[in-house]
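Survey of secondary and tertiary structure
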Amino acid sequence: MASEGSRSFLFLQGPTNYLFADIARHLRSLGHTSHRINICLGDEIFWRGSDAVSFRGRPEQWPGFIADFYREHAVTDLILLGEQRAHHKIAIAQAHAMAIDVSVTDFGYLRPDWVILERNGLNSNSLFTRDPAQILRAAANLPPVGGQVAYPHSGFNQAVWDMAFHLASWLWPWGYPHFKRHTLGHPALNYAATGLRLVCRGLARPRNAAVVNQLQNAARYYVFAMQMEDDFSLRAYSHYPELDVAIREVVQSFGKYAPAGSQLLFKLHPLDPGLKRWWRRIAAIAETFGVQKRVHFMDGGDLDSLILGSAGFLSVNSTAGLRALELACPTLALGQAIYRIKGLAFDGGLDAFWTRAKPPEPDLLDAFLRLLAASLHVRGGMYSKDAIAAAASGMAYRLHHGLVNQPLAQVLLGESLRIPDAAESTETRLQASPPGTTCQTPVVGES
């Protein structure tokens, strides 16, 4: 689609905050039109404006509804959170068939104050190149990534707003009788279990200290960062039906191929509800393969410190893998993580990882981070006023100028992406990237 001129943006489900409403406000100020389709009460809570309709039909009615909506409103751009929810998949397929641009957002691959905006999809569906030579070329003239955190994450706001979204949709379902949650567990149960776990986590500190002491006295140890099973990064971008399968595979390989005397730590995700009693499950799996004295579990602890002392880091495709790479730690992604690139993450397979993995190539890692940040991110966040304002402004800037998936030097320098006047020249687009980096989406996205 053309980057200038009036366009018609449709917003589907977004994050549990006003980010999408603020992006739409910016776009309207630039002369574009915006639309919203709500599919549950939670969607209504986090939208401002009268440009919204509600879909209250059955799932089988959604394909016809969304196709008709595209035609009736001459939609040119579809904006949504992730691409894996059932109704999002259908909307994306219809959009592609009708030559409608699709832009997807989520928490940043980089953390904590980055937000993704990229074409079509995330991780394995990302158009970002996996070719090391192309990464080095495309990042050659990009400045370093600014390391100072400008927008700290608010865990309190995230919890409150997320609960408002999910509990409202559960407690008042009558307006949307056929709505189905994309989450696996019931939200009320998950919130109660997570809250109880966090309250009681202090009781685990003596055990955690004992585990850390064992790891420090071992010849070497490895860290496995667990992910939440509700997370689409596990459900959609890996071949594992549940986390237990990945854990079993890793423990079995560790028992066969890891050096004698080495240790393996499974670190729980901070927001895991703990319903599965992971410490018992992991202990049982370790006993099955005769390594119960060498396999450990931890709820809490400082991840950076654990990574720095380790011989290697594993996950399915957690973004913590990027932090491990930044800390020059040998890293293995068992899923389809965006950093699963030769020269960054180990590509020799799980069994060889324990003895053959090497740290990432420094030049490639530096280029990868610069290109990843400049092409697929804006600075900002999801759960504070200033962070949302920055993210909304940056996303509107990219969308207005047709700069999704294209490298912007301002992002790396930590500068705000100013929302231009609707009549501003297309010269802004050419000035957005430093010399030698201006490119069309397929150049950054070839794989």
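Residues numbered from 1 in each chain as written. Predicted model: local features only at pLDDT ≥ 70, side-chain atom pairs only at ≥ 80, totals over all residues. Heavy atoms only, no water.

1. Concerning the pairing of strand β6 (residues 114-119)
Note the cut-off: Throughout, exposure labels follow a simple rule: accessible area from a 1.4 Å probe, protein chains only, divided by the maximum for the residue type, with under 20% read as buried, over 50% as exposed, and the rest as partly exposed. Helix numbers and strand numbers start at the N terminus; a helix is a DSSP run of H or I with at least 4 residues, a strand a run of E with at least 2. Criterion used throughout: strands pair if DSSP finds at least two bridges between them.
Among the 6 residues in β6, 6 count as buried, and that is most of the element. Of the two faces of β6, the one lined by Trp114, Ile116 and Glu118 and the one lined by Val115, Leu117 and Arg119 are each fully buried. Here strand β5 (residues 101-107) runs beside β6; their pairing, made up of 5 bridges, is antiparallel. In the strand pairing of β6, Val104 is matched with Glu118. Pairing of β6 with strand β12 (residues 377-379) involves 3 bridges; the strand directions are antiparallel. In the strand pairing of β12, Val115 is matched with Val378.

2. So, the nonpolar core
Put simply, the test is: We define the nonpolar core as a collection of buried residues of types Ala, Val, Leu, Ile, Met, Phe, Trp, Tyr and Cys that are connected through side-chain atoms lying within 4.5 Å of one another. In what follows, residue pairs with any heavy atoms lying within 4.5 Å of each other are defined as contacts.
In this structure, Ile23, Leu78 and Phe368 are the most contacted members of the largest nonpolar core, which totals 76 residues. Residue contributions to this core peak at 10 residues, all from helix α15 (residues 362-376). Leaving out residues up to four positions away in the same chain, Leu78 has contacts with Leu10, Leu12, Tyr70, Ala91, Ile92, Ala95, Ile100, Asp101, Val102 and Ser103. Formed by 31 residues, the second largest nonpolar core is a distinct cluster that contains Ala286, Phe297, Leu314 and Phe346.

3. Quick word on the packing of aromatic side chains
The line we're drawing: By convention, a stacked pair of Phe, Tyr or Trp rings (six-membered ring in the case of Trp) has centres within 6.5 Å and planes under 30 degrees apart, an edge-to-face pair has planes over 60 apart, and any other such pair is tilted. Think of it as a cone above the ring: NZ of Lys or CZ of Arg counts as a charge over the ring if it is within 6 Å of the ring centre and within 35 degrees of the ring normal.
As enumerated under the stated definition, the model contains 17 aromatic pairs in all. Centre to centre, the rings of Trp62 and Phe65 are 5.9 Å apart; their planes meet at 20 degrees, and the pair counts as stacked. On the criterion of helical spacing, the pair formed by Trp62 and Phe65 is a turn pair, its members being 3 residues apart in helix α3 (residues 62-72). A relative accessible area of 2% means that Trp62 is categorised as buried. Ring-pair connections join several aromatic residues into one group, and the members of that group are Tyr222, Phe254, Phe346, Phe353 and Trp354. Lying over the aromatic face of Tyr18, Arg48 brings its terminal NZ or CZ to 3.8 Å of the ring centre. The cationic tip of Arg207 hangs over the ring face of Trp279; the distance from NZ or CZ to the ring centre is 5.8 Å.

4. Quick notes on the pairing of strand β10 (residues 312-315)
The condition is simple: If you view a crossover with the strands going away from you and the path from the first strand over the helix to the second runs clockwise, you call it right-handed.
Because side chains alternate across β10, one face comprises the buried residues Gly312 and Leu314, and the other comprises Phe313 and Ser315, equally buried. Pairing geometry for strand β7 (residues 221-225) and β10, over 3 bridges, is parallel. Across the sheet, the residue bridging to Val223 is Phe313, located in β10. Bridging between β10 and strand β11 (residues 331-333) involves 3 bridges; their strand directions are parallel. The residue bridging Phe313 from the neighbouring strand is Thr331, located in β11. Considered for its hand, the β-α-β crossover made up of β10, helix α13 (residues 320-326) and β11 is right-handed.

5. Some words on helix α6 (residues 155-171)
Condition: Any helix carries an expected span of 1.5 Å times its number of residues minus one.
With 17 residues, α6 should reach 24 Å at 1.5 Å per residue; the first-to-last C-alpha distance of 23 Å fits that figure. If you follow the buried residues of α6, they end up packed against α2 (41-45), β5 and α7 (187-200).

6. Side note on the confidence of the model for the protein
Going by this rule: Confidence scores here are pLDDT values: one per residue, from the predictor, ranging 0 to 100.
With 92% of its residues at a pLDDT of at least 70, the protein reaches an overall mean of 88. Ignoring residues within four places in sequence, the model shows residues 422-443, a span with pLDDT below 50, making 41 contacts including any to other chains.

7. Things to note about the side chain of Ser126
Definition in use: Contacts described as polar in this section are N or O atom pairs within 3.5 Å, which, within protein, must combine one atom able to donate a hydrogen with one able to accept it, while residues neighboring in sequence count only if both atoms come from side chains.
Mapped onto the elements, Ser126 comes out in the loop between β6 and α5 (132-138). We classify Ser126 as buried; its relative accessible area is 9%. Only 2.7 Å separates the side chain of Ser126 from the side chain of Glu118, close enough to count as a polar contact. Beyond its immediate chain neighbours, meaning those up to four positions away, Ser126 contacts Tyr109, Glu118, Gly121, Ile338 and Leu376.

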